[in-house]
Amino acid sequence: MTLFSTSPQIHTYERPDLIETHLHPGLLEGFNSLESSINAWRDQFHRHRERLMVVREEKAQAKERLRALADGDVREQSGLPESDLCSDTSSVTGQSLRSSSYSRSSARSSKNRRKAERKKHRLKEGSPHEETALLEAVGELWSAAHRTRHDVSTLVRMLVLYGYDVEASSLQRTLGSCLDQMDSHKEHIWLPQATQSVETGPWMTSNAIAAAVTYSIQTSAPNMTDIACKMPDTETLQWKLTLLEH
């Protein structure tokens, strides 16, 4: 930040007038800008986190409905002739094979793969990959807040040096509160990898199998080994000014 290189130059070139005309306004501008950014990151983090919880709950409910449907098929299947079961199964299998063949053909196009990857991370409510997009967005906000510790630490010391103790204390408290809030939710955001698949078998009717396929498409589980879905790494940093903690 050019602001932090201005102070020594003021004394080097004996221009104390620049303290009032440049340094003080710059300090206050930096304070307002950083505090505004931190508050925005905190609010966005909570909005995305709350939506993430809703998406996961909807997935869990959809999975339970599908299991209930599958259980109902098992009970109903005892009254169906074996030929009907084979017909249902072969029909769905044929559709699956055609779908699989189409997917392999599409996968050959690198352009289509890149387009699909961009869509996967598009933050659109109700999209099949919304959970992945939310995890990526939350991770970016987490990283932004932790990266700004360096700037806040430097600016806080500059503010105190030039008599802006109130602003320095406010900025340090704002970032500290933001990081604490983010940290308190991390275990509910970045979960261990879990399968979202639902068991199918020859005892299920074509309707139940079709429902299972629809479920797997509409509720794609994020790959928690994907760098975008993992909890970001953060370095340990003593960034707070101790005298402002009392």
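## Some details on the side chain of Arg 149
Then, number 1: Inspection of the secondary structure assignment puts Arg 149 in helix α6 (residues 149-161).
Then, number 2: No salt bridge is formed by the buried Arg 149; the nearest opposite charge belongs to Glu 235, separated by 4.7 Å.
Then, number 3: Leaving out residues up to four positions away in the same chain, Arg 149 has contacts with Leu 175, Leu 179, Glu 235, Leu 237 and Trp 239.

## Description of helix α5 (residues 130-147)
Two residues of an α-helix separated by three or four positions point the same way, owing to the 3.6 residues in each turn.
Then, number 1: With 18 residues, α5 extends 26 Å from end C-alpha to end C-alpha; this agrees with the ideal 26 Å at 1.5 Å per step.
Then, number 2: Where burial is concerned, most of α5 is hidden: 14 out of the 18 residues are buried.

## A closer look at the packing of aromatic side chains
Then, number 1: Applying the stated criterion across every chain, the model contains one aromatic pair.
Then, number 2: With a centroid separation of 5.5 Å and an interplanar angle of 80°, the aromatic rings of Trp 142 and Trp 190 are classed as edge-to-face. Of the two residues, Trp 142 sits in helix α5 while Trp 190 sits in the loop between α7 (165-189) and α8 (206-218), which places them 48 residues apart along the sequence.

## Considerations on the environment of Glu 131
Then, number 1: Relative to the helices and strands, Glu 131 is located in helix α5.
Then, number 2: Once the C-alpha coordinates of Glu 131 and Val 54 are considered, the two residues, 77 residues apart in sequence, prove to be 9.8 Å apart.

## As for the nonpolar core
Then, number 1: Within the largest apolar cluster, 34 residues are counted, with the highest numbers of intra-cluster contacts made by Leu 27, Val 152, Leu 159 and Leu 171.
Then, number 2: Among the elements that make up this core, the one with the highest residue count is helix α2 (residues 17-77) (nine residues).
Then, number 3: Excluding anything up to four places from it in sequence, Leu 171 contacts Phe 31, Leu 34, Glu 35, Ile 38, Val 152, Leu 155, Val 156 and Leu 159.

## Description of α6
Then, number 1: Between the first and last C-alpha of α6 there are 18 Å, a value that for 13 residues agrees with the 18 Å anticipated at 1.5 Å per step.
Then, number 2: Gly 163, located one to two residues past α6, shows a positive phi value of around 90°.

Reading the values: rules and limits
- Residues numbered from 1 in each chain as written.
- Predicted model: local features only at pLDDT ≥ 70, side-chain atom pairs only at ≥ 80, totals over all residues.
- Heavy atoms only, no water.
- Helix = DSSP H or I, 4+ residues; strand = E, 2+ residues; numbered from the N terminus.
- Buried < 20%, exposed > 50% of the residue type's maximum accessible area, 1.4 Å probe, protein only.
- Lys, Arg positive; Asp, Glu negative; His and termini not counted.
- Salt bridge = Lys/Arg side-chain N within 4 Å of Asp/Glu carboxyl O.
- Contact = heavy atoms within 4.5 Å.
- Expected span 1.5 Å × (residues − 1).
- Phe/Tyr/Trp six-rings, centres within 6.5 Å; stacked < 30°, edge-to-face > 60°.
- Core = buried A, V, L, I, M, F, W, Y, C linked by side-chain atoms within 4.5 Å.

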